[in-house]
Amino acid sequence: MQFASPPPGPEASTPGRRFTSKSRKVLTLALLGVLGGAVVAGAALPASATAGVAAKLASDSFDDLPEDLKTPPTAQTSYLYANDGKTVITSFLEENRTDVSSDEIAKVMKDAIVAAEDTRFYVHGGVDIKGLIRAFVSNTQGGEVSGASTLTMQYVRNVLKNDTSATEEERDAATELSTTRKLQEIKFAITIEDSLEKDEILRRYLNIAYFGNQAYGVSAAANAYFSTTPDKLTLSQAAMIAGLVKSPDAFDPVNNDEDEAVGRRNYVLDAMVGTGAITQADADAAKAEPLNLKPTKATSNCAGSSHTEAGWGFYCDYFVSWWKQQEEFGPDENARYDALKKGGFRIVTALDATLQLAASKEATKIYDFDDPKAAPFAAVEPNTGKVKALAINRHFSNAKNPTSGNYPNTMNQFIAGSDDSAGYQFGSTFKIFVMLAALEKGYALDKGFNTKSKQKTSFTDGSSDGCGGYWCPKNASASYQDGYQNMWTAFGKSSNTYFVKLEETVGVKAAVDVAKRLGIQFRTKQDADLAAKPDDWGSFTLGVSSTTPLDMANAYATLAADGNYCKPTPVVSITDTTGTSSEVAAKVAQPDCKQVLDKDVARAGLDAARCPVGQSPAHGSCSNGTSTRVSGIVGRPVAGKTGSSSDNATESFIATTPQLAIAGIAVNPDNPNDIVGADVQDEVIDAVARLMRDSLKGQQVKNFNAPSVKISFKSGNANNPEVAPPDPASSRTPSPPAGD
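Here the structure is a predicted model, which is why all the values come from computation and not from measurement.

Cut-off values and rules
- Residues numbered from 1 in each chain as written.
- Predicted model: local features only at pLDDT ≥ 70, side-chain atom pairs only at ≥ 80, totals over all residues.
- Heavy atoms only, no water.
- Patch = residues over 30% accessible without salt bridge, like charges linked within 9 Å, V, L, I, M, F, W, Y side chains within 5 Å.
- Areas by Shrake-Rupley, 256 points an atom, 1.4 Å probe, with all protein chains shown as cover.
- Salt bridge = Lys/Arg side-chain N within 4 Å of Asp/Glu carboxyl O.
- Lys, Arg positive; Asp, Glu negative; His and termini not counted.
- Charge placed at Lys NZ, Arg CZ, Asp CG, Glu CD.
- Helix = DSSP H or I, 4+ residues; strand = E, 2+ residues; numbered from the N terminus.
- Phe/Tyr/Trp six-rings, centres within 6.5 Å; stacked < 30°, edge-to-face > 60°.
- Buried < 20%, exposed > 50% of the residue type's maximum accessible area, 1.4 Å probe, protein only.
- Axes fitted to C-alpha atoms, helices over the stretch in contact; angles between N-to-C directions.
- Parallel < 35°, antiparallel > 145°, perpendicular 65-115°, else oblique.
- Contact = heavy atoms within 4.5 Å.
- Nonpolar A, V, L, I, M, F, W, Y, C, P; charged D, E, K, R; others polar.
- Pairing = 2+ DSSP bridges.
- Expected span 1.5 Å × (residues − 1).
- Core = buried A, V, L, I, M, F, W, Y, C linked by side-chain atoms within 4.5 Å.

Participant: Honestly, a negative patch on the surface in this entry has me stumped. Any pointers?
Facilitator: Residues Asp-257, Glu-258, Asp-259 and Glu-260 make up a contiguous surface patch of negative charge. Tracing the sequence through the fold places Asp-257 in the loop between helix H12 (248-251) and helix H13 (258-275).

What follows is the structure in structure tokens.
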């Protein structure tokens with residue numbers, strides 16, 4: 001299809017007449033004020049009344065424009081992407097708007113809007129005097145007012161009424177019926193025409209105009225009505241969109257009768273023939289086309305995230321919480337969220353869409369969506385803190401549930417934690433913090449104790465259990481976990497009494513301090529109070545404090561990173577409307593890391609964590625771990641730990657490699673007394689192991705750094721380790737206990 005070019009005309013070669021003297025500007029404003037005042041007020045105002053206003057406005061420098069008109073402060077949609085930078089998770093918007101460049105707008109769209117709204121756009125200097133005279137005559141004779149405002153004047157009015165930094169009164173003033181407002185609008189339009197090329201004015205107008213159906217700007221309109229981009233609009237589509245500007249709600253074909261939109265489209269096509277933009281044959285062909293609407297409703301906020309089956313909403317919710325904590329985006333949380341909805345940011349997250357979907361499927365294998373019990377999983381990248389997945393068998397929705405519980409729909413942050421969701425007891429996975437505290441105090445991995453069930457302690461925080469008011473913990477299986485143990489064997493078998501004894505030796509405060517450095521938060525008042533004064537908190541090593549899958553995955557990721565703790569982050573990059581990353585945005589998106597453990601201490605702790613999953617440590621030895629099949633499933637160097645809370649109320653497992661750490665738990669988030677039972681632990685273990693295997697498929701196999709011999713053996717000599725008393729269980733090969 002061939003489109004005719006606009007006729008050259010006597011003034012087409014220039015972007016508009018230029019007003020070259022202040023006196024001429026004053027006279028022009030006075031004349032236009034009389035005409036404009038008549039159009040606005042319904043009758044011609046006395047020239048003397050208008051001249052004073054015109055002189056005052058002209059006394060200001062015509063070279064000075066308000067900053068809003070230099071750089072329009074329009075609200076633009078922010079988009080949230082997965083880590084591929086292409087998969088859209090959701091959008092955040094105050095107004096559904098995305099600015100585009102001139103090259104991204106089809107020529108037929110530009111021609112259509114000129115024909116529909118301002119046929120003399122290319123020949124006037126911002127104000128169409130002929131149009132104002134025509135409107136003046138029509139108004140004074142009681143006819144229909146038309147042609148009074150140019151595209152440039154409409155642009156000025158749109159900018160001022162959409163100024164996000166202005167007060168409501170200031171925005172209302174931009175559209176008030178007054179001669180002063182009209183003169184101000186004329187003045188700004190003239191100045192803009194002196195400052196900008198016609199194509200730039202047109203681009204700005206098309207990016208700010210409202211096209212109905214909650215679509216602001218031509219990009220949003222192309223998507224809202226035809227699910228396309230503005231550079232791909234056809235003649236028929238462009239004419240329909242251009243026709244909406246006159247009365248966006250009345251002509252909107254999605255929410256109203258299509259006939260009105262068709263009639264308006266055909267009017268625009270005829271107008272395009274009149275401007276010479278297209279031929280009559282082109283117009284007739286376009287008129288014969290049906291609208292062929294393909295509406296797309298803009299997704300907004302976390303509840304609007306598209307892939308609900310993958311649980312993207314929970315990841316999105318975590319991102320919003322993270323964003324609200326970034327002081328660089330505003331003075332308070334409300335201002336920061338407002339900036340997100342208006343700033344036009346392009347945010348690439350760390351979300352691995354494939355891993356996220358796989359984790360969601362694993363969660364629903366353990367418990368279905370309508371089960372009160374839940375299986376939340378979190379995955380984190382060591383050395384960056386990038387959160388790769390947050391999954392759970394719940395729908396992120398505020399839809400009403402069939403019961404009073406938070407299932408199958410909830411917006412509670414059960415994976416990353418929040419003020420309303422403190423987390424769960426992760427059981428023996430907390431033993432790692434006691435071991436690291438001991439290593440920091442100079443104890444070696446071969447530090448041994450003879451342990452038994454029951455074992456009287458100096459702590460009084462637990463049940464006396466017949467121990468004279470002192471806490472007497474026991475092991476889940478005496479035959480398996482009692483006897484002489486060192487850090488390797490005790491961690492592998494998950495001996496409670498060994499780690500309580502080790503905790504007594506190094507002090508609970510040291511263990512709590514390690515946990516804090518590795519990112520464990522104490523969200524409940526009870527846990528926070530105990531963490532502040534932990535000396536008698538003997539049960540800490542058994543994981544009685546509530547925490548989240550994300551916190552635990554990142555704690556173990558810190559070990560895999562040689563003690564380099566990185567604050568969890570959902571963000572990879574943030575760019576603004578120009579497509580560049582500001583200094584502030586770049587800083588916020590950078591990993592926030594610090595060394596919180598001596599490298600050798602971290603490596604030693606991780607070395608012992610090879611024992612539970614069926615792998616051999618670098619120097620010592622261990623056997624009969626609580627999750628030995630993990631090594632065969634993952635098929636690469638891996639470390640980890642199982643955890644069971646009291647009476648098997650929860651069952652958890654955490655695994656880490658140098659590239660990824662994953663934590664999962666089975667729990668009833670609404671009722672901790674609804675125990676999950678020991679049998680589900682194997683399902684959690686296998687789920688985490690499969691996720692680790694599949695997510696790293698095709699990636700380089702990396703090994704952990706080995707700890708020094710000095711931190712491994714008390715003697716500092718691998719050939720002369722501390723001699724261990726005989727283990728009474730060594731002649732048997734007992735199975736791991738149910739749970740640990």
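From this point, things continue past the structure.
Participant: Just checking my understanding: could you explain the packing of aromatic side chains for this structure?
Facilitator: The geometry of an aromatic ring pair is captured by the separation of the ring centres together with the interplanar angle, meaning the angle of the planes. As enumerated under the stated definition, the model contains 21 aromatic pairs in all. Geometrically, the ring pair formed by Trp-323 and Phe-345 is edge-to-face, given 5.3 Å between the ring centres and 65° between the ring planes. Separated by 22 residues along the polypeptide, Trp-323 in helix H15 (residues 312-324) and Phe-345 in the loop between helix H16 (333-342) and strand E3 (346-349) bring together distant segments of the chain. For the pair formed by Trp-323 and Phe-345, the shared burial category is buried. Taking the centre distance of 5.9 Å and the plane angle of 65° together, the rings of Phe-329 and Phe-345 count as edge-to-face.

Participant: Sorry if this is basic, but what is going on with the packing of H13 against helix H14 (residues 280-287) here?
Facilitator: Axis angle and axis distance: for two packed helices, these are the angle between their axes and the distance between the axes, and together they describe the pair. With their axes 9 Å apart at the nearest point, H13 and H14 run at an angle of 170° to one another. Between H13 and H14, the crossing angle belongs to the class labelled roughly antiparallel. Residues Arg-265, Asn-266, Leu-269, Asp-270 and Val-273 of H13 touch H14, and the partners they reach there are Gln-280, Ala-283, Ala-286 and Lys-287. The class makeup of the residues in the contact of H13 with H14 is four nonpolar, two polar and three charged.

Participant: Looking at this structure, how should I read the pairing of strand E16 (residues 651-656)?
Facilitator: In terms of burial, E16 is largely enclosed, as six of its six residues are buried. Where burial is concerned, the two faces of E16 agree: the one with Glu-651, Phe-653 and Ala-655 and the one with Ser-652, Ile-654 and Thr-656 are both buried. Sheet analysis places strand E15 (residues 639-644) next to E16, joined by six bridges and oriented antiparallel. Among the inter-strand pairings, Ala-639 is bridged to a residue of E16, identified as Thr-656. Counting the residues between successive antiparallel strands, the hairpin from E15 to E16 contains six residues, one of them, Asp-647, with a positive phi of roughly 60°.

Participant: What is the right way to look at the environment of Leu-390 in this model?
Facilitator: Structurally, Leu-390 can be placed in strand E5 (residues 387-391). Residue classification places Leu-390 among the buried residues on the basis of a relative accessible area of 0%. Expressed as a C-alpha distance, the spacing of Leu-390 and Val-380, which sit ten residues apart in the sequence, is 9.3 Å. Filtering out sequence-adjacent residues up to four positions away, Leu-390 remains in contact with Gly-311, Phe-314, Tyr-315, Tyr-318, Gln-356, Phe-377, Ala-378, Ile-415, Ala-416 and Leu-550.

Participant: Help me out: how do you make sense of helix H24 (residues 549-560) in this one?
Facilitator: Each turn of an α-helix holds 3.6 residues, which means side chains three or four residues apart point in the same direction. Taking 1.5 Å of rise per residue, the twelve residues of H24 would be expected to cover 16 Å, and the 17 Å separating its terminal C-alpha atoms lies within 8% of that figure. Within H24, twelve of the twelve residues are buried, leaving the element largely enclosed by the surrounding structure. The complete set of buried residues in H24 reads Pro-549, Leu-550, Asp-551, Met-552, Ala-553, Asn-554, Ala-555, Tyr-556, Ala-557, Thr-558, Leu-559 and Ala-560. Looking one or two places after H24, you find Asp-562, whose phi comes out positive at around 60°.

Participant: Looking at this structure, I do not really get the environment of Gly-344. What am I missing?
Facilitator: With respect to the helices, strands and loops of the structure, Gly-344 is situated in the loop between H16 and E3. It is 8.4 Å that separates the C-alpha atoms of Gly-344 and Leu-93, two residues lying 251 residues apart in sequence. Apart from residues lying up to four places away in sequence, Gly-344 is in contact with Gln-76, Thr-77, Ser-78, Thr-575, Asp-576 and Thr-577.

Participant: How should the side chain of Asp-562 be read in this particular structure?
Facilitator: Following the sequence through the fold, Asp-562 ends up in the loop between H24 and strand E12 (564-566). Those residues within four positions of Asp-562 in sequence are excluded, and the remaining contacts are Gln-595, Leu-597, Lys-599, Ala-602, Arg-603 and Asn-705.

Participant: Before we go on, may I ask you to explain helix H11 (residues 235-243) in this structure?
Facilitator: Of all nine residues in H11, nine are buried, a share of seventy percent or more. Every buried residue belonging to H11 is among Leu-235, Ser-236, Gln-237, Ala-238, Ala-239, Met-240, Ile-241, Ala-242 and Gly-243, and all of these are buried. The secondary structure elements touched by the buried residues of H11 are helix H4 (107-117), helix H10 (218-226), H12, H13 and H14.

Participant: It is not clear to me how unusual backbone geometry should be interpreted in this structure. Could you clarify?
Facilitator: Most of the time, phi is negative for any residue but glycine, and the peptide bond is trans. Of note, the bond from Tyr-407 into Pro-408 is cis; its omega dihedral lies within 30 degrees of zero at 0°. A cis amide bond links Ser-453 with the next residue in sequence, Lys-454, at an omega value of -10°. Within the element layout of this structure, Lys-454 appears in the loop between strand E9 (449-451) and helix H19 (478-481). Positive phi, close to 55°, is recorded for Ser-227, a residue that is not glycine. Among the structural elements, Ser-227 can be located in the loop between H10 and H11. Owing to a relative accessible area of 36%, Ser-227 belongs among the partly exposed residues under this scheme. With a phi close to 60°, Asp-647 is a non-glycine residue in the positive phi region. Position of Asp-647 among the secondary structure elements: in the loop between E15 and E16. Given a relative accessible area of 62%, Asp-647 falls into the exposed group.

Participant: Could you clarify how one ought to interpret the sheet that holds E5 in this entry?
Facilitator: The strand order E5-E4-E17-E16-E15 describes an open sheet built from five strands, whose pairing is antiparallel. Each edge of the open sheet carries a strand with a single partner, namely E5 and E15. The average angle at which neighbouring strand axes cross in this sheet is 5°, direction not considered. Against the sheet, helix H28 (residues 681-695) engages strand E4 (377-380), E15, E16 and strand E17 (661-666), with an angle of about 20° to E16.

Participant: Before we go on, may I ask you to explain the nonpolar core in this structure?
Facilitator: In globular proteins that are soluble, nonpolar side chains generally tend to be buried together. Core analysis: the biggest nonpolar cluster contains 98 residues, and Phe-319, Phe-433, Phe-540 and Ile-574 have the highest contact counts within it. With nine residues, the single largest contributor to this core is H15. When neighbours within four sequence positions are excluded, Phe-540 is seen to be in contact with Phe-430, Phe-433, Glu-503, Val-508, Ala-511, Val-512, Ala-515 and Phe-522. Core analysis: the next-biggest nonpolar cluster, separate from the first, contains 59 residues, Val-127, Val-159, Ala-220 and Ala-239 among them.

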